[in-house]
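Architecture at a glance
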Amino acid sequence: MSAIPREVPRLAVEEFFGAPSRVGASISPDGTRIAYLAPWRERLNVWVESVDAEDEEARCVTADENRSVLAYHWSDDPRWLLYEQGGDGEENWHLYRVDLENPEAGAVDLTPSPGVTVMDCETTVTRPGKAILSVNRRNPADFDLCELDIATGELTVLAQNPGHVAGWLCPPGGGLFAQTWTDDGDIELARWDTGTETLRPVATFDGGECPLGIQPIQLTPDGTGVWLGSGRGADRTRLVRLDLATGEETVVDSHPTLDLDARSAVFPTLASPFIRDRYTGELIGVRYLGGRQVIHALDPHFAAVLENLEMLSEGDLSDVSSDAGGQRWVVSFTHDRDPGVTYYYDHTTGHSRLLFRSFPHLDPGVLAPMTPVTIPSRDGLDLPSYLTLPPGTEPAGLPMVLLVHGGPGARDHWGFNPVVQLLANRGYAVLQVNFRGSTGFGKAFLEAGTGEPAGKTHGDLIDAVEWAVDQGYADRDRVAVFGGSHGGYAALIGVTFTPDVFAAAIDLCGISNLVAFLRTVPEFATPQPAGNQHLFAGNPDGPEQKADMPARSPVSPVGKSRTPLMVVQGRNDVRVVKAEAEQIIDVLRTRGVEVEYVVKDNEGHGFANPANTIDIYRAADRFLARHLGGRPDTE
């Protein structure tokens, strides 16, 4: 893992965090047009162009100047396109419709009620002209299942949430099914009786094995079953078909060492693990994820297509869309140094062409490779990790940033990460650790993190730092910890529980007080903590757990901390509220600890506006340079 010293140009922060030139492309069902996201007035909006680009100029069909559009959907009618948009980070997502025959008429808000949030919008071949979505219009905590007539905007309630439904399934032949949390934290898949408005269980899943619910899950086209990821009787999550009449599972596909890729359950903008036929809805491919991605083709036609697609790039196949006939395809690739490379491929002719690179100004030759590594923990558990070393530098005795992922029901993965590349460009080694409790590495690995956010999980991070020092990559006196959300909590734990390990820390919207955090989680997110956050952090409604939670909260032992800290917070964050940040800042400052505090008024839990993101990472760049000796952006 050696590097030959050479001159590497210093890139400005905005080169990593500015808006992509294009991203998120998909082909229309009739195969005549391609939609994608691209900047309009410094915000990502939806653009549409002909597959034969010379036939017409690309048109911007949405016009959002406040916040970038991140998700859109083709409907079966080529006239209508749907997209989702929130406010200023409050997570009040609305669904909008655009008339592609007259985009100048502007977008129509199909869910205009104040404070409403839309989830799980899906269009299916079995319901032409319709979209199925969950809406909390009646009660902020309860998402009712609704059917939307796309052309008229009429919204029909199909089922009212009785109060503990975390997700709905709507088969084409009638009948409804719900994913519910039990009082014991288990998950039930139940049949909805419309007449009595009650639920009858079909199958029950151990909540400890499914901290995010039953994920991934997808109805079969005939509505008699669901495809889902199941770990029953095995350590690894495999693909099964569950019969909705009997509750019996049949294994459809599996990988001997990898879990089904379920990242889209946490990050909906990531590609689904299920690749389906655009016309029939049948499952034609499934994704597994280890250090890199593996795709199993489940259909002969797709197997032939996949063989040709995977020759287009050295990266991992990401977004995949085809016309209804499965002949015309638009695909993008995940790559550590060349993100969002997107191609058009015609299977009939075998012809392919590059549509775009998302960041054409970034030269892959000057970016840093991300290398999968395995790090042993103190109790013998192998920690799948990623090490990125700065290009053009001798990989020895480097300042290092331990970059901690959120979750905990999430994981780090191989691919382009602008934070990683910025840090590597500044001369830092970057280490990302999938600590115990991370998803995607088997049931035993997940369960090893139960109740250990400030215990063995934190020990994994410290062991990773020791590994990097022992291997000679990192300078023990110049290590920083940097994370967002749960990763921010980990950063705060690092500087309060083990202040001698870190020379600096950056916390983005991290939890400082577990009890306060779980008391202020928004109503619409309450099903998830019951099955996820309570599992790892504890339940404040249980006297014994509540009494123990302060000891695992960074705000409690702050007297030990002397590490310089940078805290970044969105004023509109509804998951980790602003008071969480200010509570620990006030205590640290009264004890003489250096704390830099950055608040952005129009952001929530995670930042969306490019100007804010650039400003934050410029500040982080300067902060780390002061304490680790890097080379910051001088602008």
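In this text, all values refer to a predicted model and were calculated from it rather than measured experimentally.

Regarding its fold elements, the protein chain presents twelve helices and 36 strands. The C-alpha radius of gyration computed for the protein chain amounts to 24 Å, which stays within 12% of the reference 26 Å derived for 635 residues, consistent with globular compactness. By its C-alpha atoms, the protein chain is 65 × 60 × 50 Å across when sized along the principal axes. Looking at the protein chain as a whole, 55% of its 635 residues qualify as buried. Contacts spanning at least 24 positions in sequence make up 55% of the contacts within the protein chain whose residues lie at least 6 apart. Taken as a whole, the protein chain presents about 24,600 Å² of accessible surface, with 49% of it coming from carbon and sulfur. Charged side chains of the protein chain number 52 positive and 89 negative; the gap between the two group centres comes to 4 Å.

Moving on to the side chain of Ser 75. Mapped onto the fold, Ser 75 is located in the loop between β5 (71-74) and β6 (80-85). Among the residues examined, Ser 75 registers a relative accessible area of 2% and is labelled buried. Within the structure, the side chain of Ser 75 is placed 2.8 Å from the backbone oxygen of Asp 77, a separation counted as a polar contact. Apart from the residues lying within four places of it in its own chain, the contact partners of Ser 75 are Pro 29, Trp 80 and Ile 150.

Attention now moves to the pairing of strand β36 (residues 595-600). Pairing of strand β35 (residues 565-570) with β36 involves six bridges; the strand directions are parallel. Residue pairing for β36: Met 566 is matched across the bridge by Glu 596. A crossover links β35 with its parallel partner β36, the connecting element being helix α11 (residues 578-590), and its sense is right-handed.

Let us look at the confidence of the model for the protein chain. With 90% of its residues at a pLDDT of 70 or more, the protein chain shows a mean pLDDT of 87. Looking across the protein chain, the model is least confident in helix α8 (residues 527-531), with a mean pLDDT of 43, and most confident in strand β32 (residues 429-433), with 98. Long-range and interchain partners of residues 527-531, a stretch whose pLDDT sits below 50, account for 14 contacts in this model, where long-range means more than four residues apart.

Throughout the structure, instances matching the rule amount to 26 salt bridges. The partner of Asp 336 in a salt bridge is Arg 337, with the nearest N and O atoms 3.3 Å apart. Asp 336 gets classed as buried once you look at its relative accessible area, which sits at 2%.

We now examine the packing of aromatic side chains. Applying the stated criterion to the full structure yields ten aromatic pairs. Measuring from ring centre to ring centre gives 6.2 Å for Tyr 36 and Phe 356, while their planes differ by 55°; the resulting arrangement is tilted. A residue pair is termed long-range when its members are at least 10 positions apart, and Tyr 36 in strand β2 (residues 33-40) and Phe 356 in strand β28 (residues 351-356) qualify at 320 residues. For Tyr 36, a relative accessible area of 3% translates into the label buried. Looking at Phe 356, the relative accessible area reads 7%, which means it is buried. Grouped by ring-pair contacts, the aromatic residues Phe 17, Phe 482 and Tyr 617 constitute a single cluster. It is Arg 97 that lies over the ring of Trp 80; its NZ or CZ is 4.6 Å from the centre. Over the aromatic face of Phe 205 sits the side chain of Arg 232, whose NZ or CZ is 4.2 Å from the ring centroid.

As a further point, take unusual backbone geometry. Residue Asp 120 is not a glycine yet carries a positive backbone phi of 60°. As for its placement among the helices and strands, Asp 120 is situated in strand β9 (residues 118-122). Here Glu 197, not a glycine, exhibits a phi torsion of approximately 55°, which is positive. The topology assignment puts Glu 197 in the loop between β15 (187-193) and β16 (198-205).

Glancing now at the side chain of Arg 426. Along the polypeptide, Arg 426 turns up in the loop between α3 (418-425) and β32. The exposure class of Arg 426 is buried, given its relative accessible area of 2%. Polar side-chain contacts of Arg 426 include one of 3.0 Å to the side chain of Asp 621.

As a further point, take the state of the cysteines. Scanning the model with the defined rule gives zero disulfides in all. Not part of a disulfide, Cys 121 finds its nearest cysteine sulfur in Cys 146, a span of 11 Å. For Cys 121, a relative accessible area of 11% puts it in the buried group.

Here the focus is the sheet that holds strand β25 (residues 316-322). Ordered in space as β25-β26-β27-β28, the four strands form an open sheet in which the pairing is antiparallel. Edge positions in the sheet fall to β25 and β28, since each has one partner strand and no second. Taking each pair of neighbouring strands and ignoring which way they run, the sheet shows an average axis angle of 25°. Relative to strand β26 (residues 328-334), helix α2 (residues 300-309) is tilted by about 50°, and along the sheet it contacts β25, β26 and β27 (341-346).

Attention now moves to the environment of Asp 460. Note on placement: Asp 460 falls in helix α5 (residues 456-470). Excluding its chain neighbours within four sequence positions, the residues that come into contact with Asp 460 are Ser 377, Leu 383, Phe 435 and Arg 436. Separated by 2.8 Å, the side chains of Asp 460 and Arg 436 make a polar contact.

To continue, consider α3. Within α3, seven of the eight residues are buried, which leaves the element mostly enclosed by the surrounding structure. The first or second residue beyond α3 is Gly 427, which carries a positive phi of 100°.

With that out of the way, let us pick up the sheet that holds β5. Strand order in this open sheet of four strands is β5-β6-β7-β8, and the pairing throughout is antiparallel. Looking at strand neighbours, the two that pair on one side only are β5 and β8 (108-109), the edges of this open sheet. With two bridges joining them, strand β7 (residues 94-99) and β8 adopt antiparallel strand pairing. Bridging from a neighbouring strand, Arg 97 pairs with Val 108 of β8.

Another aspect to go through is the nonpolar core. Residues Met 400, Leu 402, Leu 431, Val 465, Trp 467, Val 481 and Phe 502 are the most contacted members of the largest nonpolar core, which totals 42 residues. The element contributing the most residues to this core is α5, with seven residues. Residues within four places of Trp 467 in sequence aside, it is in contact with Val 373, Ile 375, Pro 376, Leu 387, Leu 431 and Tyr 473. Listed in part, the 39 residues of the second largest apolar core include Val 13, Tyr 386, Tyr 428 and Val 430.

What counts and what doesn't
Residues numbered from 1 in each chain as written. Predicted model: local features only at pLDDT ≥ 70, side-chain atom pairs only at ≥ 80, totals over all residues. Heavy atoms only, no water. Helix = DSSP H or I, 4+ residues; strand = E, 2+ residues; numbered from the N terminus. Rg over C-alpha atoms; globule rule 2.2 N^0.38 Å. Buried < 20%, exposed > 50% of the residue type's maximum accessible area, 1.4 Å probe, protein only. Contact = heavy atoms within 4.5 Å. Areas by Shrake-Rupley, 256 points an atom, 1.4 Å probe, with all protein chains shown as cover. Lys, Arg positive; Asp, Glu negative; His and termini not counted. Charge placed at Lys NZ, Arg CZ, Asp CG, Glu CD. Polar contact = N/O pair within 3.5 Å; in protein donor to acceptor, adjacent residues only side chain to side chain. Pairing = 2+ DSSP bridges. Right-handed = clockwise from strand over helix to strand, strands pointing away. pLDDT = per-residue confidence, 0-100. Salt bridge = Lys/Arg side-chain N within 4 Å of Asp/Glu carboxyl O. Phe/Tyr/Trp six-rings, centres within 6.5 Å; stacked < 30°, edge-to-face > 60°. Lys NZ or Arg CZ within 6 Å of the ring centre and 35° of its normal. Disulfide = S-S within 2.5 Å. Axes fitted to C-alpha atoms, helices over the stretch in contact; angles between N-to-C directions. Core = buried A, V, L, I, M, F, W, Y, C linked by side-chain atoms within 4.5 Å.

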